[in-house]
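Here is how the chains run, residue by residue.
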Amino acid sequence: MLKIFKYSFYDVLRSRWTIIYFLFFFISTLSLLYLSNNLSKAITSLMNIILTIIPLISMIFGVMHYYNSRDFIDLLLSQPVKRKEVFIGQYLGLSISLAAGFLLGILIPFLFYGLSVSVDVWNFAVLAAAGVFLTFIFVALSFFISLLNDDKIKGFGIAILTWLYLAVLYDGMILLVFVSFNEYPLETPALIFTLLNPIDLSRVMVLLQLDISALMGYTGAVFNKFFGTTGGMVLSMASMLIWIILLLIGINKVSSKKDF
Amino acid sequence: MVELSNIRKSFGKLPVLNGVSMNIAGGKIVTREIFVNGQNIKDNPVYRHLIGYLPQTTRFPENLSVREFLRMIEDVRMAKGKSGELLSLFALDRFLNKSLRNLSGGTRQKVNVVLSLMFYPSVYIMDEPTVGLDPVSRVRFKELLKKEKENGKTLLLVTHLLSEAEELADEIVFLMDGYICYHGDPKVLMAEQKENTLEKAIAGMMEVSTQNSNPNINSR
Amino acid sequence: MKYYLIFLFIALQQGLNLAATIVVCKTCPVSAIAHAVQLAKNGDEIIIKPGTYKERGILIDKSVRVTGENYPVIDGENLGEVINIIADSVLVQNIVIQNVGSSYLQDRAGIRITRSKHCILNGNKLKNTFFGIYLAHSDSCVIRNNEVQGIPDKESNTGNAIHLWYCRNNLIEGNRLSGHRDGIYFEFVEHSKIYGNTSSDQIRYGLHFMFSHHCDYFRNKFSGNGAGVAVMYSHDISMHENLFSDNWSPVSNGALLKDISDSRIYKNVFEQNTIGLYAEGCHRIEIANNDFIKNGWAVKILGTSENNKFIENNFIANTFEVVTNESRSHNLFEKNFWSDYSGYDLDKDGIGDVPHRPVKLFTYIVENIPPAIILLKSLFIDLLNLAEKVAPVITPETLTDTKPLMKQVQW
């Protein structure tokens, strides 16, 4: 697995798309820092970009990478390695190089700009962690979807729809539930909904690190209290990890049954 | 050495192998399983050490150099390949540090060829190996294959170039609609059909089988 | 200013005539402050030497000047009030007063002034007094540069740092107040000024102000108070150049205005409060040149408020700019700077060519379904806000700033 990861990592890291991805984060972070002149505000704007772009691009890269590597995967499968190792190795290669592109892209401008205030370091860390988690989750999701669909177009379509659902429609659905059940206490359902969707969870985790979380009135305080406790933190991390683990199990299952 | 037993394969809804069984160079047949040198391949990737596979397409990790790519496969097989002479034989030396992305289709196919040969495995499985090769490389490649055959290696060659099959094969399996139409010595087939090339012999056989509309008619 | 002059004149006159000085110290003939007051006549000066005096219930019923040297400490040992002034023109300065204790029968205070005029409390330090300084029915007093510090554990365990009840023409200036229920409490107080005070970390309000008309408060800092500042049931109020900041509790307002009318609020800074300015039942208030920075809700104005004007304020980086509960607005927003404004200024006159709508659809949703706050800054909400901006259906169409400024107002 490590060998396949190693070469796949080299390969993706040197791809011009990874470099474009890196440059995208580098330039947007740099310009946000310059324009807003305020680390905390830059983090909020960056959060919006990260929560939208990382899942989308991870998904697209993942699907593209999978379909482009089909022949290579066939070749690897003819070699004396387990299927699991081929797919997990490729998965790690792609996720880690994308995560590296993203991390360097936001880290360098922040270092340039002076990551001096300790509060902002913590905010930055949460933001970076959220981005990395999202990368791993959405690359896994894209592999899973592509494995299930041999048809490239169909795979692409499903991947984009899945992204659209998790990034946009899911929140619409929450709002619809809120509107329909307005008479009931909704704090707990809201927390559960948030925990289930990695994009929402990342958004809430980052927001709660920022000052504005404390200014969100009574309900905001309820959420803040939940996610601020060790239990809440553990639960959030667990939710992210469960996403990754379940998807990897899925990839493993589908790939071992799949007829290549 | 290679046994196929009741193998089915389809791409989507299109069946390409309908319970094909065959036995290449002796051995025994066991239902619905593939044995290589007597090892069942199911849940056992170790058998693939014995195999050199040459796929039809050459879309490999495009940002790796030729050297890295060969090293990767060596790493994966945990074996040192004897690529040196093969690389010079196919004039690949000067491409060693180039990214695969920057190579032409023919050059990539040569890399492909080197890759499948460099471990000198006991079984070769090659899918249209000569497509895209320049004439010089093609000749050299075929000579290598013949030498390996003489060394007692098993070669499974998939090709639609019947001249190539005629030149290289001791035994041909002709598949149509997922069934084996013919399995045997190409020379015997040519003699049976009274043709001087394999191509014509096969064409003659197909006419008969279409008329009878029984795909299994010539299986033996 | 008039009052100070009169006071000076009286003091001067008395000093010239018959002023005597009584010194109090541990080893002096007069070793208790209460004793010194008994001995004193109107216009005398009592000087307290450094040391700790365990006294309480010191009744000052003469116009004397009590001055501490190097901050002598009067310790009430948690047994009762320390100084009780019932005479006019009393001066108490540079004294530390501590530990009055609490009682269920009486609101104890460190210094109490009742039915007196022209008293001055200057530079005193009050620690762990239930109420700090308590004025009732007293006029024309000055409370200046005192430090009132409580160590409460719960609201019922403390009173207010400075408490005025039925008073007129007082000046509360430059005091530093913390750790009480309310920092400054006014009820039925008129024509008074609150100037340059710092009131922070109070359990409830930094300033609590009721039925007190014609008052002026400026250049104060109110920060980190449990519920911010509350100004209620008053008219003709001036609030200017104050800082309202870091009032972060779920129920906090930078400033809460309830039933306030004909008042002026200008050049204040509202920064990092849950709600910057909350207005309910307010009329004819002019709110100009204020900065609203990084608040959860910059302005919450309920529909019962009418004819208020928001002019030339800066709204910078607030999560929500304006929230209201009515579909029609009867207040004017004009020429404000909104950091959320996304319009343009083609004619370069410094005024955006498209009106700004500070009430977002999401503001409205959160107002009606508070848990929806969890969707804050989600892509779906951004899209929803955008759609509503393009074609308003729910948000009040009349609540717009038709002349949004392109650059921050400098004031």
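In the block above lies the structure referred to throughout.
Residues numbered from 1 in each chain as written. Chains lettered and ligands numbered in written order. Predicted model: local features only at pLDDT ≥ 70, side-chain atom pairs only at ≥ 80, totals over all residues. Heavy atoms only, no water.

Draft legend 1. A look at the overall build of chain C. The secondary structure content of chain C amounts to four helices and 38 strands. Each of the three principal axes of chain C carries a C-alpha extent, and together these read 85 × 40 × 30 Å. Expressed as a percentage of its 411 residues, the buried residues of chain C come to 57%. A separation threshold of at least 6 residues defines the contact pool for chain C, and within that pool the share at least 24 residues apart is 48%. Summed over all atoms, the accessible surface of chain C reaches about 16,800 Å², with 52% contributed by carbon and sulfur. One way to put it: in chain C the 39 positive side-chain charges average out to a point 6 Å from where the 44 negative ones average out. (Helix = DSSP H or I, 4+ residues; strand = E, 2+ residues; numbered from the N terminus. Buried < 20%, exposed > 50% of the residue type's maximum accessible area, 1.4 Å probe, protein only. Contact = heavy atoms within 4.5 Å. Areas by Shrake-Rupley, 256 points an atom, 1.4 Å probe, with all protein chains shown as cover. Lys, Arg positive; Asp, Glu negative; His and termini not counted. Charge placed at Lys NZ, Arg CZ, Asp CG, Glu CD.)

Draft legend 2. A nonpolar patch on the surface, seen in detail. All names here are of chain A. Together, Leu 161, Leu 164, Tyr 165, Leu 169 and Met 173 make up a nonpolar patch on the protein surface, roughly 430 Å² of accessible area in all. Positionally, Tyr 165 belongs in helix H7 (residues 152-180). According to the relative accessible area criterion, Tyr 165 is partly exposed, its value standing at 34%. (Patch = residues over 30% accessible without salt bridge, like charges linked within 9 Å, V, L, I, M, F, W, Y side chains within 5 Å. Salt bridge = Lys/Arg side-chain N within 4 Å of Asp/Glu carboxyl O.)

Draft legend 3. Representation of the sheet that holds strand S5 (residues 51-54) of chain B in the model. All names here are of chain B. Strands sit in the order S5-S6-S7 across an open sheet of three strands; the sheet is parallel. This sheet does not close on itself; its edge strands, each paired only once, are S5 and strand S7 (154-158). Mean inter-strand twist for the sheet, computed between neighbouring axes without regard to direction, equals 10°. Helix-sheet contacts for helix H3 (residues 105-117) involve S5 and strand S6 (123-127), and the interaxial angle to S5 is about 170°. (Pairing = 2+ DSSP bridges. Axes fitted to C-alpha atoms, helices over the stretch in contact; angles between N-to-C directions.)

Draft legend 4. Looking closely at the side chain of C:Ser261. All names here are of chain C. If you trace the backbone, Ser 261 turns up in strand S28 (residues 253-266). Of the residues examined, Ser 261 reaches a relative accessible area of 16% and is grouped as buried. Ignoring anything within four residues of it in the chain, the contact list for Ser 261 reads Ser 234, His 235, Asp 236, His 283 and Arg 284.

Draft legend 5. Representation of the state of the cysteines in the model. Residues and elements named next belong to chain C. Here the structure, examined in full by the defined rule, presents one disulfide over all chains. Between Cys 25 and Cys 28 runs a disulfide, and the two sulfur atoms are separated by 1.9 Å. In this structure, the disulfide formed by Cys 25 and Cys 28 twists by about 100° around the S-S bond and is classed as right-handed. Each member of the pair Cys 25 and Cys 28 is classed as buried. Cysteine Cys 119 is unpaired, with the sulfur of Cys 141 as its nearest cysteine sulfur at 4.5 Å. (Disulfide = S-S within 2.5 Å.)

Draft legend 6. Examining the packing of helix H9 (residues 198-209) of chain A against helix H11 (residues 230-257) of chain A more closely. Residue and element names in this part refer to chain A. Here H9 crosses H11 at 150°, and the two axes come no closer than 10 Å. Taken as axis vectors, H9 and H11 run roughly antiparallel relative to one another. Where H9 crosses over H11, the two elements pack in a sense that is left-handed. Listed contacts from H11 to Pro 198, Leu 201, Ser 202 and Met 205 of H9 are Met 233, Ser 236, Ser 239, Met 240 and Trp 243. Residues belonging to the contact of H9 with H11 are distributed by class as follows: six nonpolar, three polar and no charged. (Parallel < 35°, antiparallel > 145°, perpendicular 65-115°, else oblique. Left-handed = near helix turned anticlockwise from the far one by under 90°. Nonpolar A, V, L, I, M, F, W, Y, C, P; charged D, E, K, R; others polar.)

Draft legend 7. Just H7(A), in detail. Residues and elements named next belong to chain A. Taking 1.5 Å per residue, 29 residues should reach 42 Å; H7 reaches 39 Å between its end C-alpha atoms and fits that length. For H7, the principal kink sits at Leu 169 and spans about 45°. You can read the cap of H7 off the contacts: a side-chain oxygen lies 3.2 Å from the backbone nitrogen of Ile 153, and it is on Asp 151. (Expected span 1.5 Å × (residues − 1). Bend = angle between axes of the 7 residues up to and from the residue. Polar contact = N/O pair within 3.5 Å; in protein donor to acceptor, adjacent residues only side chain to side chain.)

Draft legend 8. Representation of the packing of aromatic side chains within the structure. In this structure the tally under the stated criterion is 35 aromatic pairs over all chains. Ring geometry for A:Phe25 and A:Phe102: centres 5.1 Å apart, planes at 75°, overall edge-to-face. Pair noted here: A:Phe25 is in helix H2 (residues 16-36) and A:Phe102 is in helix H5 (residues 83-113), with a separation of 77 residues, a long-range link. For A:Phe102, a relative accessible area of 0% translates into the label buried. Joined through ring pairs, the aromatic side chains of C:Phe222, C:Phe244, C:Phe270, C:Phe292, C:Phe310, C:Phe315, C:Phe333 and C:Trp338 make up one cluster. Between the NZ or CZ atom of B:Arg77 and the centre of the ring of B:Phe119, over which it lies, the distance is 4.5 Å. Above the face of the C:Tyr134 ring, C:Arg112 is positioned so that its terminal group lies 4.4 Å from the ring centre. (Phe/Tyr/Trp six-rings, centres within 6.5 Å; stacked < 30°, edge-to-face > 60°. Lys NZ or Arg CZ within 6 Å of the ring centre and 35° of its normal.)

Draft legend 9. Focus on the pairing of strand S33 (residues 297-301) of chain C. All names here are of chain C. Most of S33 is tucked away: five of the five residues are buried. Where strand S30 (residues 275-280) and S33 come together, four bridges link them in parallel fashion. From the neighbouring strand, Leu 277 faces S33, where its bridge partner is Val 299. The sheet contact formed by S33 and strand S36 (residues 320-323) spans three bridges and is parallel. The residue bridging Lys 300 from the neighbouring strand is Val 323, located in S36.

Draft legend 10. Region of the structure containing the side chain of C:Asp182. All names here are of chain C. Relative to the helices and strands, Asp 182 is located in the loop between strand S18 (176-178) and strand S19 (184-190). The exposure class of Asp 182 is buried, given its relative accessible area of 0%. Only 2.8 Å separates the side chain of Asp 182 from the side chain of His 208, close enough to count as a polar contact.

Draft legend 11. Seen up close, the interface of chain C and chain A. Taken together, the 28 residues of chain C in the interface contact 33 residues of chain A. Carbon and sulfur atoms make up 76% of the surface buried where chain C meets chain A, a total of about 2,600 Å² over both sides. Of all residues in chain C, the largest losses of buried area upon contact with chain A belong to C:Ile374, C:Lys377 and C:Phe380, amounting jointly to 25% of the total for that side. Our count for the contact surface shared by chain C and chain A stands at zero salt bridges. (Buried area = accessible area lost by both parts, 1.4 Å probe.)

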